[in-house]
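# Structural overview
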Amino acid sequence: MNFFKISSRFRNLAKSPYFIPLVLFALAMIFFPLKGVNPSPDSCWYLSNAAAMYKQFSMEKIITYRPLFPLMMTASFSIFGYSVKSAFYVVRLFYVLNIMLIYFLGSKMFNKATGLTCSLLVFTSFVVNRCASYLLLDNIVPFFILGYIFLIYLAFKNKNYIYFALAGLALSLAILLKGVIAVMFIPLPVCLLCFKSYRSVKTAKGTALFFMFSAVLLSPWLYKVFAGKESLEILVGPLVNLNEIKKFGIITPNRLTWSTGGILAEQLRIASNFINRYIIRQLAIWPLVFFGIAYSFFGAVFRKKLSDRIFLMAVILFLPVVYITAKANSRLGQFLTLYFLFYLAIANFLINFPTEFLKAKNRILNISVFFLVLACVLMQVFVGATAKKNFLSLIFGVKVRGVYEFSFWKSDFKLDGWTSKTVRESSEWIEENIVPGTAILCQKYALNAIYFFTQGKYELLEIKNVEISEFKNKYERRYEEPLFIWPSREWLEGQFESDLLKQINDGRIGYLVVTQKRNFLNLYVENNPKFSLLKSFSKGEIKIYKATKYPVTPIGGNLIGFEYGVYKYFRQLYLNSKRKYDLQKENFEVILGWPDSEIKKFFSIIEEGRKREFWRNYQKVYEWKVY
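Residues numbered from 1 in each chain as written. Predicted model: local features only at pLDDT ≥ 70, side-chain atom pairs only at ≥ 80, totals over all residues. Heavy atoms only, no water.

Across its full length, the chain holds 27 helices and 12 strands. Sorting the 627 residues of the chain into buried and exposed places 52% on the buried side. In the chain, the share of contacts with a sequence separation of at least 24, taken over all contacts with a separation of at least 6, comes to 69%. A total accessible area of about 29600 Å² is found for the chain, and carbon and sulfur atoms account for 61% of it. (Helix = DSSP H or I, 4+ residues; strand = E, 2+ residues; numbered from the N terminus. Buried < 20%, exposed > 50% of the residue type's maximum accessible area, 1.4 Å probe, protein only. Contact = heavy atoms within 4.5 Å. Areas by Shrake-Rupley, 256 points an atom, 1.4 Å probe, with all protein chains shown as cover.)

Moving on to the sheet that holds strand 4 (residues 459–462). If you trace the five strands from one edge of the open sheet to the other, you get 4-3-8-10-9, paired in mixed fashion. Each edge of the sheet is formed by a strand with only one pairing partner; in this case those strands are strand 4 and strand 9 (531–537). Here the strands of the sheet are splayed against their neighbours by 25 degrees on average, with no regard to which way each runs. Pairing of strand 3 (residues 439–442) with strand 4 involves four bridges; the strand directions are parallel. Considered in strand 4, the bridge of Cys442 is made with Glu462. Against the sheet, helix 19 (residues 421–433) makes contact with strand 3, strand 9 and strand 10 (542–547), and its axis sits at roughly 130 degrees relative to strand 9, the strand it touches most. (Pairing = 2+ DSSP bridges. Axes fitted to C-alpha atoms, helices over the stretch in contact; angles between N-to-C directions.)

Together, Ile367, Phe370, Phe371, Leu374, Leu378, Met379, Phe382 and Val383 make up a nonpolar patch on the protein surface, roughly 740 Å² of accessible area in all. Mapped onto the fold, Phe371 is located in helix 17 (residues 363–383). Using a relative accessible area of 49% as the deciding quantity, one classes Phe371 as partly exposed. (Patch = residues over 30% accessible without salt bridge, like charges linked within 9 Å, V, L, I, M, F, W, Y side chains within 5 Å. Salt bridge = Lys/Arg side-chain N within 4 Å of Asp/Glu carboxyl O.)

Let us look at the side chain of Ser427. Here Ser427 lies in helix 19. With sequence-adjacent residues up to four places away left out, Ser427 is seen in contact with Ile450, Phe453 and Thr454.

Counted under the stated rule, the structure contains 31 aromatic pairs. Ring centres of Phe156 and Phe164 lie 5.4 Å apart, and the angle between their planes is 65 degrees; on these two criteria the pair is classed as edge-to-face. Since its relative accessible area comes to 3%, Phe156 is described here as buried. An aromatic cluster of at least three residues, connected via ring pairs, comprises Tyr567, Tyr569, Phe570, Tyr574, Tyr581, Phe602, Phe603 and Phe614. (Phe/Tyr/Trp six-rings, centres within 6.5 Å; stacked < 30°, edge-to-face > 60°.)

Turning to the confidence of the model for the chain, a few remarks are in order. For the chain, the average pLDDT comes to 77, and 75% of its residues sit at 70 or higher. By mean pLDDT, the top-scoring element of the chain is helix 8 (residues 141–158) (94), and the lowest-scoring one is strand 1 (residues 250–251) (32). For residues 400–418, every residue scores under 50 in pLDDT, and the model assigns this stretch 60 contacts once sequence neighbours within four places are set aside. (pLDDT = per-residue confidence, 0-100.)

Of note in this structure, Lys159 is not a glycine but carries a positive phi near 50 degrees. Within the secondary structure layout, Lys159 lies in the loop between helix 8 and helix 9 (161–182). Taking the relative accessible area as the measure of exposure, Lys159 reaches 31% and is therefore partly exposed. One non-glycine residue, Lys304, lies in positive phi territory at about 55 degrees.

Okay, structure coming up:
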């Protein structure tokens, strides 16, 4: 076979509609940033549920809350074996599928050049690749949301009932993955019916079929959800958390006043925070986001293009998720669906705006557009986001690190098919020294990780915590002080000695696993003769104790420790809501039971913002005594 025949065959292959998707598939497989799995508490929750299903195939534990991801991991365990690497294949699969899907989406809604540009931007995106390094839903949810948008576009364009049914399937699967995002997109076909040009008997029947098909597919899960408690919260998650939908006022020295100006100022602050934190700091080509959206707005309003209208509606429907997530400064990956839409808008602008603006097609224009696209791709490869976070840093650099790794274990980051050396060693010790089926009381930061590593052989129970709203009643009822207190989001939590001892007696607990996180519990069991240390790992990052049953009546007292976040909690209340600050301060004074002079000193340090003094005085643990 000579060179000319090979060249001829290659040209024929290049003309095939499958050539570009195959090239994209090959690139995604070769350059996938597999530098080790970056685990998180959320990752371990999914893993432990998948482990329970794999070992027992019991869906009772997860059927009402995001069941599809653990089911996917269970299937991967069955095919590739029981390991974190096998579970991670699910994330890797959808990373590749997203690059393929965005190509077809751009090609059908606009043109092939747009599809190819969009897929290249996604492929070289630091945000997409970073999120693909985590064992989370971030790269999986966009596939079903974008697939749903794509199918709705095809359904209204072709007026085909099959596409309406498939759109119902895609949205149903997205809801089973993460309802809080997917639920927002339900109105999309109804919004399109509001336009006379898309309203017909076929599209109306198709929309009805879409809702009927979705309802039938989701009915078993919805029945299970509404048969239990907190059904609405399971369905839409954080969107019903009213703690996130507040603070629209102007802060004065004495109180929080409500006003139109305050509401607008708060909305501008949230928008500014989102743009700065999630667009400017994450995308090297961030100015093009605004040009892309503006161009799509022009196409939707003035040219009345179906593709632009669907894109614009998708962005608008995603805004409630953006609002809640940006307000709470949540994880970057929760915006990943929006990033895919941004890249679609950018590709549409880069490819189609020059031709439409100049109203001409020629070689010089095509070459100019080609180099413009190439420049954007190279910007993402070599420049990336802030702090040199680019495509190359993920492919050839160190593993991705972030707030969602097991930083509280101070892992050495030498991942060996799992998380850290500490978890691995402690779990192996448990398997070698503790009889399967034994009940073990465990802090939540280690619970799911150990449960997965030990393949569900043990009954791991989480140590009970108490919120600050319960502190005062528990203290007055039992004349008992909490062992220690720490902040959790917008409230405080703590642990009481009697709760811990009651769990040990009632739960047939023989062992206790504690970590350096919430280290006051560690100090408590160290000083309590009823707990004997069996093994310590990585200089005390995880310790395993033997627990002896004894009466619930506390045998000690006066162990109250504070993490630094307690200062931040009260400081923010003092600045933002004087009424709430006074209420929580009153509850806290009862809990502490300190002399008036000590309480006055404690809160004066907070009110005057003397955080270094707080650190020096209250990071220590008050002496624990055995009576």
